[in-house]
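Single-letter residue listing:
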Amino acid sequence: MPLYIGVMSGTSLDGLDIALLDQHEHPRLLATHYLPMPAELRAELLALCASGADELARAAIAEQQWVSLAAQGIETLLASQQLHPEDIRAIGSHGQTVRHEPARGFSIQIGNPALLSELTGISVVSDFRRRDVAAGGQGAPLVPAFHQTLFDDGQCPRAVLNVGGFSNLSLLDPGQPVRGFDCGPGNVLLDAWIHRHQGVSFDRDGAWAASGQAQPALLHALLGDPFFQGHGPKSTGRELFNLPWLEQHLQRLPALAPEDVQATLLELTAHSIIDSLQAAQHGTAQLLVCGGGAHNGALMARLACLLPNTQVSSTDAYGVPPDWVEAMAFAWLAHCCLEGIAANRPSVTGARGLRVLGAIYPA
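Worth saying up front: this structure is predicted, and the values here are computed from it rather than measured.

Thresholds applied
Residues numbered from 1 in each chain as written. Predicted model: local features only at pLDDT ≥ 70, side-chain atom pairs only at ≥ 80, totals over all residues. Heavy atoms only, no water. Pairing = 2+ DSSP bridges. Helix = DSSP H or I, 4+ residues; strand = E, 2+ residues; numbered from the N terminus. Axes fitted to C-alpha atoms, helices over the stretch in contact; angles between N-to-C directions. Phe/Tyr/Trp six-rings, centres within 6.5 Å; stacked < 30°, edge-to-face > 60°. Lys NZ or Arg CZ within 6 Å of the ring centre and 35° of its normal. Buried < 20%, exposed > 50% of the residue type's maximum accessible area, 1.4 Å probe, protein only. Arc of directions from axis to C-beta. Contact = heavy atoms within 4.5 Å. Polar contact = N/O pair within 3.5 Å; in protein donor to acceptor, adjacent residues only side chain to side chain. Expected span 1.5 Å × (residues − 1).

**Let's talk about the sheet that holds strand β11 (residues 311-314)**
What the 5 strands build is an open sheet, ordered β9-β8-β7-β10-β11; its pairing is mixed. Two strands close off the open sheet at either side, each with one partner strand: β9 (179-185) and β11. Strand-to-strand, the axes of this sheet are offset by a mean angle of 20 degrees, without reference to chain direction. By the bridge criterion, 4 bridges tie strand β10 (residues 286-290) to β11 in an arrangement that is parallel. Bridging across to β11, Val289 finds its partner in Ser314.

**Re the packing of aromatic side chains**
The geometry of an aromatic ring pair comes down to the distance between the two centres and the angle between the two planes. Counted under the stated rule, the structure contains 6 aromatic pairs. Centroid distance Phe146 to Trp332: 5.5 Å. Interplanar angle 45 degrees. Geometry classified as tilted. Of the two residues, Phe146 sits in helix α5 (residues 144-151) while Trp332 sits in helix α13 (residues 325-338), which places them 186 residues apart along the sequence. Grouping aromatic residues by their ring pairs yields a cluster made of Phe227, Phe228, Phe241 and Trp245. Above the ring of Phe227, the side-chain terminus of Lys234 is found at 4.3 Å from the ring centroid.

**Looking at helix α10 (residues 243-250)**
For α10, every residue scored as buried is listed here: Leu243, Trp245, Leu246, His249 and Leu250. What you see down the axis of α10 is that its buried residues fit within an arc of 160 degrees, all on one side. Contacts made by the buried residues of α10 are with α6 (188-198), α8 (216-223) and α11 (258-280). Taking the backbone nitrogen of Trp245 as reference, a side-chain oxygen 2.9 Å away marks Asn242 as the first, capping residue of α10.

**A look at the environment of Ile341**
When you line up the elements, Ile341 lands in the loop between α13 and α14 (346-349). Here Ile341 falls in the partly exposed class, since its relative accessible area comes to 38%.

**Quick look at the side chain of Asp173**
The topology assignment puts Asp173 in the loop between β8 (166-172) and β9. Among residues more than four places away in sequence, those in contact with Asp173 are Pro157, Arg179 and Gln281.

**Things to note about α13**
Relative to the 20 Å expected for 14 residues at 1.5 Å per residue, α13 spans 20 Å between its end C-alpha atoms, a close match to the ideal helical length. With respect to burial, α13 is a largely interior element, 12 of its 14 residues being buried. Every buried residue belonging to α13 is among Val325, Ala327, Met328, Ala329, Phe330, Ala331, Trp332, Leu333, Ala334, His335, Cys336 and Cys337, and all of these are buried. Phi turns positive one or two residues past the end of α13, at Gly340, with a value near 70 degrees.

Next comes the structure, spelled out in structure tokens:
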């Protein structure tokens with residue numbers, strides 16, 4: 001039974017998702033483990049997303065701490081399943097993205113895969129984005145090929161939506177290559193705004209957003225950003241969508257209540273998803289939602305309202321827990337690398353062709 005472990009640390013920086021995958025014929029989730037991100041490490045990883053003093057040394061120290069946390073989680077997961085390092089073929093480690101600028105030819109994830117292999121005694125496959133970027137692609141999103149493997153029934157137009165810090169879509173049309181792209185901010189602005197005003201890390205169930213009133217003038221201004229006007233392939237990150245970006249727009253408008261800004265940010269997430277979906281795929285029959293956004297009741301309700309002719313549901317309804325899809329994807333990407341299977345999709349990233357993704361660090 002070929003077993004792989006996937007480790008995913010997303011742009012929300014809430015913690016590490018660790019998934020145990022059986023890759024026999026079809027990917028099958030066997031077990032999971034979650035580790036919250038320590039506050040000091042989270043703060044440093046956030047700081048590394050922007051230029052600062054002594055970045056190289058700070059990044060090297062931060063990735064050692066990240067790897068130590070990942071290794072602890074992997075050890076706990078193996079123990080819970082009565083497994084040993086030699087039972088695992090490889091770890092697929094995404095690392096932590098600190099810069100994503102494909103237009104300038106780079107996407108940087110820190111995560112010291114050599115150290116992770118040393119600490120766990122397991123081969124590690126990492127650095128999945130760089131080869132696609134080298135081939136002229138965006139290096140993101142990487143999950144559409146995995147979404148197609150899991151969810152394509154070949155019967156009707158179906159889309160898979162991942163809402164993490166940023167949102168991305170995978171478009172599954174019968175008989176066609178999978179397409180996909182980033183839509184824009186998912187939770188990143190919602191989380192940052194509520195943390196500033198209420199000191200909590202996220203808006204549970206979208207309750208604070210639901211208490212406010214969306215402001216049309218602000219929403220129109222936000223949606224006017226050139227990123228939303230472009231079609232895929234496209235990807236984005238904190239380099240573009242951040243609190244200073246939001247504040248630039250707020251300064252041009254009369255003062256707004258914080259909860260009204262939060263309500264508008266939720267509308268920004270919903271409309272950027274729906275607008276890009278409707279422009280790219282006609283007659284979407286089903287929208288399958290994964291990532292942290294699947295737990296935001298206010299967001300899920302808005303998506304369903306804006307797509308009255310589409311069945312909107314969590315991937316749970318299709319047998320895959322929404323919190324673990326991305327960690328599963330990186331376990332699967334490790335499998336593809338070791339088997340020499342191309343896992344990027346030029347129709348998604350814009351790369352010049354199919355490429356085997358990842359660098360291997362043997363145990």
